[in-house]
Amino acid sequence: MKSYRLILFDLDGTLTDPTSGLVSSFAYALDKMGVDYGTRESLTRFIGPPLKEEWIRTFGFSEEEGELALALFREVFAARGWCDNRMFDGIPAMLDTLRAAGKKLALATSKPEIFARKILDLFGILDRFDFVGAATLDGSREKKSDVIEYALAHFPDIPRDAAILVGDRKYDAEGACTAGIDSLGVRYGCGAPEELSAAPFTAYADTVEEVARLLA
């Protein structure tokens with residue numbers, strides 16, 4: 001791959017595996033809404049995209065119902081779901097390798113900033129990032145492309161052809177395309193193989209170590 005100066009990272013499914021805490025929080029909210037969502041395992045498909053928008057599309061919620069479902073989700077996620085999480089093996093070493101190679105590192109996640117910072121701090125990697133780009137609680141910045149634009153704006157001296165996003169879902173690749181930057185899809189995350197292969201990623205990595213090797 002070519003050399004990049006700025007590397008943006010998705011959070012869920014790329015740096016950490018949030019499956020347990022998110023699925024429990026999803027199930028709590030959707031049970032309260034009286035939705036037949038199938039199995040708990042099927043709820044993993046909601047890890048990554050903006051949640052309210054995805055639930056409105058999937059379950060036919062009104063805007064008001066979508067807001068209520070999101071509030072119910074955040075009720076339990078804020079209490080305990082955010083820390084029911086684990087960091088993928090090798091992440092600190094990978095980030096350190098990239099920083100040692102002179103790369104600027106930033107987060108670009110559709111998770112609200114308050115939770116994103118808490119999760120990075122929980123695992124002791126917050127200080128590895130030059131900037132935390134995340135969503136807002138009021139929904140004014142939620143789509144992946146908007147979060148990417150927000151992060152890129154913090155590095156005005158770095159051209160877009162020198163930036164890349166690392167992510168694990170099609171929404172990451174699509175957001176990167178919209179923002180006009182390259183993307184690296186990780187196959188160890190939450191995205192299904194068929195979803196990843198169909199997404200417009202620039203390249204792919206099978207392991208955390210390969211991310212470091214490709215981008216350092």
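Note that this is a predicted model, so its numbers are computed, not measured.

> So what about helix 4 (residues 91–100)? Which residues, and what values?
Among all positions of helix 4, only Ile91, Met94, Leu95 and Leu98 are buried. Mapping the buried residues of helix 4 onto a view down its axis gives an arc of 95 degrees, with all of them on the same face. On its buried side, helix 4 packs onto strand 1 (6–9), strand 3 (86–87), strand 4 (104–112) and helix 9 (208–215). Just downstream of helix 4 lies Gly102, where phi reads positive at about 90 degrees.

> Give a description of the nonpolar core that names residues and reports values.
One finds Phe9, Trp55, Ile91, Met94 and Val211 to be the most contacted residues of the largest nonpolar core, which totals 52 residues. The residues contacting Ile91, other than those within four sequence positions of it, are Thr14, Leu15, Ile125, Tyr188 and Val208. Counting 17 residues, the second largest nonpolar core, distinct from the first, contains Phe131, Ile148, Ala151 and Ile181.

> Give a detailed account of the sheet that holds strand 7 (residues 182–186), specifying residues and quantitative values.
Pairing between the strands of a sheet comes from backbone hydrogen bonds, and it takes one of two forms, parallel or antiparallel. On the basis of which strands lie adjacent, the open sheet formed by 6 strands has the order 5-4-1-6-7-8 and parallel pairing. Each of the sheet's edge strands pairs with one partner strand only, and the pair in question is strand 5 (131–135) and strand 8 (203–205). When the angles between neighbouring strand axes are averaged without regard to direction, this sheet yields 25 degrees. Two strands pair when backbone bridges link them, and strand 1 and strand 4 are joined in this way by 4 bridges, in the parallel orientation. Residue pairing across strands places Leu8 opposite Ala106, the latter belonging to strand 4. In this fold helix 9 packs onto strand 1, strand 6 (163–167), strand 7 and strand 8, with an angle of close to 135 degrees to the strand it touches most, strand 8.

Rules behind the numbers
Residues numbered from 1 in each chain as written. Predicted model: local features only at pLDDT ≥ 70, side-chain atom pairs only at ≥ 80, totals over all residues. Heavy atoms only, no water. Buried < 20%, exposed > 50% of the residue type's maximum accessible area, 1.4 Å probe, protein only. Helix = DSSP H or I, 4+ residues; strand = E, 2+ residues; numbered from the N terminus. Arc of directions from axis to C-beta. Contact = heavy atoms within 4.5 Å. Core = buried A, V, L, I, M, F, W, Y, C linked by side-chain atoms within 4.5 Å. Pairing = 2+ DSSP bridges. Axes fitted to C-alpha atoms, helices over the stretch in contact; angles between N-to-C directions.

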